[in-house]
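# Descriptive structure summary
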Amino acid sequence: MAITSPSERIWWKQPIARIELIWIIVAFIWGLIMFFMMIYWHGAGEQNLSNEAYKITPVRFAEKAQTMIDEYTVRQENGFPVVRPPPGSDVYLIARLWQWWPILELEKDQSYRLHLSSMDWQHGFSLQPVNINIQVHPGYDMVVTVKPDQAGEYGVVCNEFCGIGHHNMVGKIYVVE
Amino acid sequence: MAKTAEFRTCPTTGLKVDLTAERLIKANAVVAVVFLAIGGLFGLLVALTRWPAVHFLPADWFYLALTAHGFDVLLVWIIFFEMAVLYFASAVLLGSRLAGPKFAWAGFVLMLVGALITNVAVLRGQSSVMFTSYVPMMAEPSFYLGIILFAVGALIGVFVFFGTLVVAKQEKTYEGSIPLVTFGALTAAIIAVFTIASGAIILIPTLLWSLGFISYIDPLLYKTIWWGMGHSSQQINVAAHVAVWYAIAAMVFGAKPLSEKVSRMAFLMYILFLQLASAHHLLVEPGMSSEWKIFNTSYAMYLAVLGSMVHGMTVPGSIEAAQRARGLTKGMFEWLRKAPWSNPAFAGMFMSLVFFGFIGGISGVVMGTEQINLIMHNTIYVPGHFHGTVVAGTTLAFMSITYLLVPLIFRRELMFKKLAQWQPYVFGIGVAGISMFMMGAGTLGVARRQWDMTFADAQLPFDYPSAAFLMMGLNGMAAVMAAVGGLMFIVVVVGSVFFGRKLGIDEKPSYPEVPPQASESLSHYGSAEKLHIPGTVMLVSIFFIAFVLYYFVNWKYLSEVWPLS
């Protein structure tokens, strides 16, 4: 029994039943398939993180974002600037207690280098209803190249707990034709 | 040498039981159950708050309750119970005296004091930082101090376990190799050393930081090492509850492992590879390469998953073989149909096995896939997954073995037998509901650790789809059911332990039923030539098909979101 010492003293020389062996092999191969699937997707799939990231101070990141905001703001909404940067450009989204700043307006089927960083604590970039979720750290500038493929209005929810105003931290991204 | 240990002989199993070890098992188990009750209550409050129609707690209390819930059940309940499991698997199963009982008591006291300190810190309201306490969000120093003391106490307990193995070996209290269950406990203990070391490496600097002696802790570094503790501690649970599955299969059915070699290799896979799982929490973080993520998140090509899949066959397989040897050979499933479903130890154990595999296991692997994590990270899918592993898996397994420990170790007759009989079903199905509904809500984007899914006070509006609200409502109802199941467990166990009829010194408990001398009559099945377990093969095949389908469905979901590179 499992609660007593093995009845055969030399248990490691006992043969393994065929059915167990088959299952081990099946499970092992399945593991390899799942492993190589991730590698395969880096080549064949369209949803991958480049893992491009830089150390940055919150002050420096805020400056870069402000430069973008000054240059490309097209209107105001609820006190947020709505920024429409040119396709292909570097786009900055500030995460801070408790805002995603500014509102971005992107063009459908164009690529943007989206930079994410936090001014204070950790935050979670959760693009809804697409459901893309990326962790945002203070001190790190994470670059993700995004290519919105559907026009519409998207919410950016914070999904990393960031204090008492966490549930009020909502941002917005517009995707236009 | 210290004064000679005192023993009694167990009338059911014939094992020699060190009375000090027995007292320690009792103390750890009782404290564990108390914290399960406290942490479970916090959990119920959290679930009621996330039920949109109820929205029970105000925001500050919600985040406080969620912090307390995570700490009390994920760490305190489980680790205290694991201490009981370690002492049981070493001193009791090996018929040995416990090494250094004074150290064991010191460890127990440290754990208790630590748990209380952290709970007080949380209840004071300035440490609602969640169980993970990600920097740079800061808690009161005593929050970290309590966890550190708790961990040191646990480490002492682990070393008492190791010491007991050495004592038993030297004093030749057993023949041959240690039992499989002890081997599983050893696996858990080895992982625990790694876990606690990781915890110390990160929490001691964090304590100093909160005291003002250190000015900066890198948030990414913190997360990487913290999850070396946080995730590995869940792997202690896996190793421990798998050991508990084997123990219950042996105690209820007299089941013998199909192959000692295979089962032990599967445990070894845990020791070698489970610690890589810190990466599961870093798949969408800046600063890690994809090579690092892929290797670590897959536990080096899924070798630890392989271990779990092997246990997933050998545990039910050993039960089937034992049942067939007893004559339940009709068709594919007579052995399972005629299993003792009214014995809560078995019913809970079998549900734990099924839910851990189908709900917790599959979702964990899928969510831990580098790219698929993008559509799940930090959504409520994540707690959905780990309620499938830690609650439906570990907690249910621990509850199940408690039904055997009460008569065998506490020497009390189990009270409220009807309540006990239904308890695993109410709790198990409730928890399965919690897991599934949270996963459902998560795929619809609902954030975890979030007080108001309507965003009523946000500067910019956003609405989740109405199906998400439905899922969270159902989750609330399932949580109420699980809470009722939890309460039933507490009533039965606390009632029996304090007010149950004391069993006589030579009296064998009549409930739950343990077959007499099952091991004798069944000691020769299961050899390679004779093994015949078609029912298990069918169950495992269903599992495998579900796994493959669910895996690729999620790749399909992923392929539909915005292209990212």
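Residues numbered from 1 in each chain as written. Chains lettered and ligands numbered in written order. Predicted model: local features only at pLDDT ≥ 70, side-chain atom pairs only at ≥ 80, totals over all residues. Heavy atoms only, no water.

## Side note on the overall build of chain B
A count of helices and strands for chain B gives 16 helices and two strands. For chain B, the C-alpha radius of gyration of 23 Å lies close to 24 Å, the compact-globule estimate for 565 residues. The principal-axis extent of the C-alpha atoms belonging to chain B is close to 70 × 55 × 45 Å. Buried positions account for 66% of the 565 residues belonging to chain B. Partitioning the intrachain contacts of chain B with sequence separation of at least 6 by distance along the chain shows that 83% fall at a separation of at least 24. Carbon and sulfur atoms provide 71% of the accessible area of chain B, an area that totals close to 19200 Å². Looking at chain B, you have 32 positive and 26 negative side-chain charges, and the mean spots of the two groups are 9 Å apart. (Helix = DSSP H or I, 4+ residues; strand = E, 2+ residues; numbered from the N terminus. Rg over C-alpha atoms; globule rule 2.2 N^0.38 Å. Buried < 20%, exposed > 50% of the residue type's maximum accessible area, 1.4 Å probe, protein only. Contact = heavy atoms within 4.5 Å. Areas by Shrake-Rupley, 256 points an atom, 1.4 Å probe, with all protein chains shown as cover. Lys, Arg positive; Asp, Glu negative; His and termini not counted. Charge placed at Lys NZ, Arg CZ, Asp CG, Glu CD.)

## Digging into the confidence of the model for chain B
All names here are of chain B. Looking at chain B as a whole, the pLDDT averages 93, with 97% of positions reaching at least 70. Predicted confidence for residues 517–528 stays below pLDDT 50, and this span has 25 contacts to residues more than four positions away or in other chains. At the level of chain-chain contacts, confidence expressed as ipTM amounts to 0.96, with global pTM at 0.95. (pLDDT = per-residue confidence, 0-100.)

## A look at the interface of chain A and chain B
Contacts between the two partners involve 87 residues from chain A and, on the opposite side, 109 residues from chain B. Carbon and sulfur atoms supply 68% of the area that chain A and chain B bury against each other, a total of about 8800 Å² over both sides. Ionic pairing is found between Lys256(B) and Glu8(A), a salt bridge with its closest N-O pair at 3.7 Å. Linking chain A with chain B are 45 residue pairs in polar contact (both at pLDDT 80 or more), by the criterion used here. Those elements that provide at least two residues to the side of chain A that touches chain B are α1 (18–44), β1 (52–55), β8 (123–128), β9 (132–136), β10 (140–146), β11 (152–158) and β12 (170–176) of chain A. Here the side of chain A that touches chain B gets 17 residues from one element, more than from any other, and that element is α1(A). When the residues that make up the side of chain A that touches chain B are grouped by side-chain class, the tally is 48 nonpolar, 27 polar and 12 charged. (Buried area = accessible area lost by both parts, 1.4 Å probe. Salt bridge = Lys/Arg side-chain N within 4 Å of Asp/Glu carboxyl O. Polar contact = N/O pair within 3.5 Å; in protein donor to acceptor, adjacent residues only side chain to side chain. Nonpolar A, V, L, I, M, F, W, Y, C, P; charged D, E, K, R; others polar.)

## A word on the nonpolar core
Formed by 263 residues in total, the largest nonpolar core has its most connected members in Phe125(A) and Ile173(A). Per-element accounting of this core gives the leading share, 28 residues, to helix α2 (residues 59–94) of chain B. (Core = buried A, V, L, I, M, F, W, Y, C linked by side-chain atoms within 4.5 Å.)

## Quick look at the pairing of β12(A)
All names here are of chain A. The element β12 is extensively covered by neighbouring structure, given that six of its seven residues are classed as buried. As paired strands, strand β6 (residues 103–107) and β12 are joined by four bridges and run parallel to one another. Pairing of Leu104 across the sheet is with Ile173, part of β12. Alignment of β11 against β12, held across six bridges, turns out to be antiparallel. (Pairing = 2+ DSSP bridges.)

## Some details on the environment of Trp100(A)
Residue and element names in this part refer to chain A. Positionally, Trp100 belongs in strand β5 (residues 99–101). The class of Trp100 is buried, set by a relative accessible area of 0%. The spacing of Trp100 and Leu116 is 16 residues in sequence and 9.9 Å in space, taken between C-alpha atoms. In this structure the side chain of Trp100 is engaged in a polar contact, spanning 3.3 Å, whose partner is the backbone oxygen of Val156.

## Focus: unusual backbone geometry
Here the residue pair Trp101(A) and Pro102(A) is connected by a cis peptide bond, since its omega of -5° sits within 30 degrees of zero. Considering the arrangement of structural elements, one finds Pro102(A) in the loop between β5 and β6. Look at the link from Val135(B) to Pro136(B): it is a cis peptide, with omega at 5°. For Pro136(B), the location among the structural elements is in the loop between α3 (101–123) and α4 (141–170). A positive phi is found at Tyr299(B), a non-glycine position, where the angle reads about 50°. Relative to the helices and strands, Tyr299(B) is located in helix α9 (residues 299–325). For Tyr299(B), a relative accessible area of 9% gives the class buried. Positive phi, normally seen in glycine, also occurs at Met301(B), with a value near 60°. Here Met301(B) shows up in helix α9. Using a relative accessible area of 30% as the deciding quantity, one classes Met301(B) as partly exposed.

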